[in-house]
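So you can see what is in the structure, the chains are spelled out below.
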Amino acid sequence: MNKILLVFVLAVFFNTNSFVNCSAKNNLSQSTNIKMNQDNKLAIVWTSADKEVAEKMVFMYAYNAAKFEWWDEINFIIWGPSSKLLSEDTDLQDYIKKMKEVGINIYACKACADMYKVSDKLSEIGIEVKYMGKPLTQYLQEDNKVITF
């Protein structure tokens, strides 16, 4: 009963028509597919230079959200100090590759990457480096969900 109440509270919180597919075996387990509505898009703006925040929250959520199809589309934006951290940290670079494998679109802000002189390094590891001000504005104007870390 408590699990049903949790699903209801989450549905109200997200203010969408949601449903949860669950079976007796995996009742609300990590593999449960949550589908809020059609054309559900998320933009994650990662700005923090804190590796622990990246590994223990931002990357973990982004990866699982794509793997378990909680969103129709996920755009992951590396912006500011995070671009420098990523250019220097092979563990995070490997995690980014893993996120790409599950279908996350990965971008880095060119203006910021240029300031840190890491645009070439980010491109080498397969990240699309481009100016992100306009795309972020479009995500917001199109009413995509945007979270920032």
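Refer to the structure above for everything that follows.
First things first, this report covers the structure right here in the doc. This structure is a prediction, so every number in the text was calculated from the model and none was measured.

What counts and how
Chains are numbered independently. Their residues run from 1 in the order of the written sequence. Owing to the predicted nature of the model, reporting of local features is limited to residues with pLDDT of at least 70; listing and counting of side-chain atom pairs is limited to 80 or more, with chain, interface and lining totals taken over all residues. Side-chain measures here rest on the full set of heavy atoms in the structure, leaving out hydrogens and waters. Among the buried residues, those of types Ala, Val, Leu, Ile, Met, Phe, Trp, Tyr and Cys that are joined through side-chain atoms within 4.5 Å form a nonpolar core. Relative accessibility decides the category of a residue: with a 1.4 Å probe and only protein chains considered, values under 20% of the type maximum give buried, values over 50% give exposed, and everything between is partly exposed. A run of H or I in DSSP becomes a helix once it reaches four residues, and a run of E becomes a strand once it reaches two; helices and strands are each numbered from the N terminus. Residues are treated as being in contact if the distance between any of their heavy atoms lies within 4.5 Å. In this analysis, the expected span of each helix is defined as 1.5 Å times one less than the number of residues it contains. Counting of polar contacts relies on pairs of N or O atoms within 3.5 Å, with two restrictions inside protein: one atom must be capable of donating a hydrogen and the other of accepting it, and residues adjacent in sequence are counted only when both atoms are side-chain atoms. Here the aromatic set is Phe, Tyr and Trp, taking the six-membered ring for Trp, and pairing holds for ring centres within 6.5 Å; pairs whose planes are under 30 degrees apart are stacked, those over 60 apart are edge-to-face, and all others are tilted. Lysine NZ or arginine CZ positioned within 6 Å of the ring centre and within 35 degrees of the ring normal marks a charge as sitting over the ring.

## Describing the nonpolar core
Thought 1: By size, the foremost hydrophobic cluster in this structure holds 31 residues, and its most contacted members are W46, F59, F76 and M99.
Thought 2: At the level of elements, β3 (41-46), α2 (51-67), β4 (73-78), α3 (81-88), α4 (90-101) and β5 (105-109) are the ones that each hand at least two residues to this core.
Thought 3: Per-element tally for this core: the top contributor is α2, with seven residues.
Thought 4: Contact partners of F76, with chain neighbours within four places excluded, come to I44, W46, V58, F59, A62, I96, M99, I104, N105, I106 and Y107.
Thought 5: Grouped together as the second largest cluster of nonpolar side chains are ten residues, Y107, C109, M132 and Y139 included.

## Considering α4
Thought 1: Spanning twelve residues, α4 covers 17 Å between terminal C-alpha atoms, matching the ideal 16 Å at 1.5 Å per step.
Thought 2: Residues of α4 that are buried sit in contact with β3, α2, β4, α3, β5 and α6 (119-124).
Thought 3: Where α4 starts, the residue carrying a side-chain oxygen 2.9 Å from the main-chain nitrogen of D91 turns out to be D89.
Thought 4: G103 lies just past α4 and shows a positive phi near 100 degrees.

## Structural notes on the packing of aromatic side chains
Aromatic ring pairs are defined here through the distance separating the ring centres and the angle between the ring planes.
Thought 1: Taken as a whole and assessed by the stated rule, the structure comprises seven aromatic pairs.
Thought 2: Between Y61 and W70 the ring centres are 5.9 Å apart and the planes differ by 40 degrees, which places this aromatic pair in the tilted class.
Thought 3: A relative accessible area of 26% means that Y61 is categorised as partly exposed.
Thought 4: A network of ring pairs unites the aromatic residues W46, F59, Y63, F76 and Y95 as a single cluster.
Thought 5: The aromatic ring of Y63 is capped on one face by K98, whose charged end is 4.5 Å from the ring centroid.
Thought 6: One cation-aromatic arrangement involves K98 over Y95; the distance from NZ or CZ to the ring centre is 4.7 Å.

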